[in-house]
Amino acid sequence: MSETTESTATERYLERNRRFIPGGLFSMNRRTDPMIVFERAQGAYMWDVEGRRYLDYHAAFAPYFLGHADPDVDGAVISALQRQASLFGAGTTPWEGELAELLVQSVPTLDVVQVTNTGSEATAYAIRLARAVTGRDGILLMQGGYNGWEDDVAFNLMDPADTLKPRDDGPGLSLRPITNGIPEAIRRNVYVVQFNDLDAVETVLKTGRIAALMLEPVLQNIGVVKPLPGYLEGLRRLCDTYGTLLVFDEVKTGFRNGLGGYQAICGIRPDLSTFGKAVANGYPLGVIGGRAEYMRYFDHPDAKEKVLIAGTYNGHPVPVFAAIATLKKLRDRHDEIYGHVDDLGRMMEEGLRAIFAKADYPFTIVRQSSAFVVYFMDHAPVDWLDLIRSNDMERDKRYRAALIERGIFHFPTPSKQGSISFAHSRDDVATTLDVTERLLGGVL
Ligand SMILES: Cc1ncc(COP(=O)(O)O)c(C=O)c1O
């Protein structure tokens, strides 16, 4: 940590936090080295308690697609409070239907939707629904994918290469839980394969045990790892063959890659989809939606078939008004917003490529619209194993640390995705490129 950030205010806050919170912060995946105490954000910028400004490419793990404190979104939230749109906990509200209609209009494969508070709740419901629909318990996930913190999906994220071995009690990879406390019964029902490997998927689906294949259609929790041509089509075919529900977890790709999600870009129809993050531009909201024939289990006429969806805070007016305002803005200013972030993404990609071309080590820039990453390897990774074997993690760490020291915030864990927002400008990207260029020959 540099001397400036290690000043009294930062230390004071960190010390108090450590006294009252195990680990000193809420949500452990936010722990960074150095630990920064943030207190304000506006547009493309964040400020810490020392008054230091950071140009933000983290976007709080991607929700801030319109930028921090977007005036239309925050204005809608303020209007909700002013009109006393409370949480009633009984019946429904005019804004539940309004949000549901906007979601269905935005994403072509959603016949109907339900709304939760977080992405993890949405993926948990997708799994419960798939199990009810198919009468099976098994779940198939991708190594390097992240689908939430709940027991069924908290496996195999960024594991060391030498731990990625075939599992000994069935097909797929050996399980690497990302948390302690997962019951053995859950482990027996979870399978993991490498992304982009259709044969591995087929071997698992052939067991006839798999209710849902859940995946991010682009792995955006390990940078930007894209599906190879034909891969998603292959998954659709295999799921149809073996009676498994195909679930696209678009919590990170949705609304950021396009209003219709990545599924509208790749043209594959999943059975169910989950969304979160950018849908409410930073306010807590998750979505599960898809084919009416499956979603109807949430209201099945036969009580024994019914799948419970319930939550004291589901449909809370604050995130719901935020989501309505976000979706209307993305719809009404569609070409301007997606055009702008794509232009900036291209400028970033081309600029970084030109800069690193002068270096004497391998690099690859991968981008999907506003999401981008610099890998220090000579090709775009096809899966986590490829990435962990080839990416120069130490250089990647130095790159991120040096940018943070210079006021440009990328999450300081190697291979994490950068996120451009509508609030970023060409000047912001130019500054980023300028700062990056000056790292070459020094820390890089
Ligand atoms: C693809 C994906 N799915 C699900 C989640 C879980 O969402 P939440 O953190 O809102 O529970 C995340 C969070 O990073 C995610 O990236």
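On a predicted model such as this, the values are computed, not experimentally measured, just so you know. (Residues numbered from 1 in each chain as written. Predicted model: local features only at pLDDT ≥ 70, side-chain atom pairs only at ≥ 80, totals over all residues. Heavy atoms only, no water.)

1. Quick word on the pairing of strand β11 (residues 364–368)
Counting buried positions along β11 gives five out of five residues, so the element sits mostly inside the fold. Where burial is concerned, the two faces of β11 agree: the one with Thr364, Val366 and Gln368 and the one with Ile365 and Arg367 are both buried. Taking the residues between adjacent antiparallel strands as the criterion, β11 and strand β12 (residues 371–375) are bridged by two residues, where Ser369 takes a positive phi near 55°. (Buried < 20%, exposed > 50% of the residue type's maximum accessible area, 1.4 Å probe, protein only. Helix = DSSP H or I, 4+ residues; strand = E, 2+ residues; numbered from the N terminus. Pairing = 2+ DSSP bridges.)

2. Some points on the sheet that holds β11
Pairing in this open sheet of three strands is antiparallel, and the strands run β11-β12-β14 from one edge to the other. Each having just a single partner strand, β11 and β14 (418–419) make up the two edges of the open sheet. Each of β11 and β12 is contacted by helix α11 (residues 334–356), which is oriented at about 175° to β11, the strand it contacts most. (Contact = heavy atoms within 4.5 Å. Axes fitted to C-alpha atoms, helices over the stretch in contact; angles between N-to-C directions.)

3. Quick word on helix α1 (residues 8–20)
A rise of 1.5 Å per residue sets the reference length of α1, with its 13 residues, at 18 Å; its end C-alpha atoms lie 19 Å apart and thus fit the reference within 8%. Those residues of α1 lying buried are Ala9, Thr10 and Leu14. All buried residues of α1 project into a common sector of 125° when viewed along the axis, lining one side. Facing away from the buried side of α1 by over 90 degrees, the exposed positions are Thr8, Arg12, Glu15, Arg19 and Phe20. (Expected span 1.5 Å × (residues − 1). Arc of directions from axis to C-beta.)

4. A look at the domain arrangement of the chain
Once the domains are mapped, the chain shows domain 1 (8–69 + 334–439) and domain 2 (71–332). A C-alpha centroid distance of 25 Å is found between domain 1 and domain 2. The interface of domain 1 with domain 2 comprises 37 residues on the first partner and 38 residues on the second. Counting across the domain 1 and domain 2 interface gives zero salt bridges. The interface formed by domain 1 and domain 2 contains 20 residue pairs in polar contact (both at pLDDT 80 or more). Among the secondary structure elements, those contributing two or more residues to the side of domain 1 that touches domain 2 are α11, β11, β12 and α12 (384–390). Ranked by residues supplied to the side of domain 1 that touches domain 2, first place goes to α12 with five residues. Its residues assigned to classes, the side of domain 1 that touches domain 2 comprises 24 nonpolar, nine polar and four charged. (Domains from an automatic or database assignment. Salt bridge = Lys/Arg side-chain N within 4 Å of Asp/Glu carboxyl O. Polar contact = N/O pair within 3.5 Å; in protein donor to acceptor, adjacent residues only side chain to side chain. Nonpolar A, V, L, I, M, F, W, Y, C, P; charged D, E, K, R; others polar.)

5. Regarding the nonpolar core
When a protein is soluble and globular, its nonpolar side chains tend to lie buried together. Of all hydrophobic cores here, the largest spans 36 residues; its most connected members are Leu99, Leu103, Phe255 and Leu285. Breaking this core down by element, the ones donating at least two residues are α2 (71–82), α3 (94–106), β4 (112–116), α10 (317–332) and α11. Here the element with the most residues in this core is α10; it accounts for nine residues. Both of domain 1 (8–69 + 334–439) and domain 2 (71–332) provide at least three residues apiece to this core. By size, the runner-up hydrophobic cluster in this structure holds 35 residues, among which are Met142, Tyr231, Leu238 and Phe248. (Core = buried A, V, L, I, M, F, W, Y, C linked by side-chain atoms within 4.5 Å.)

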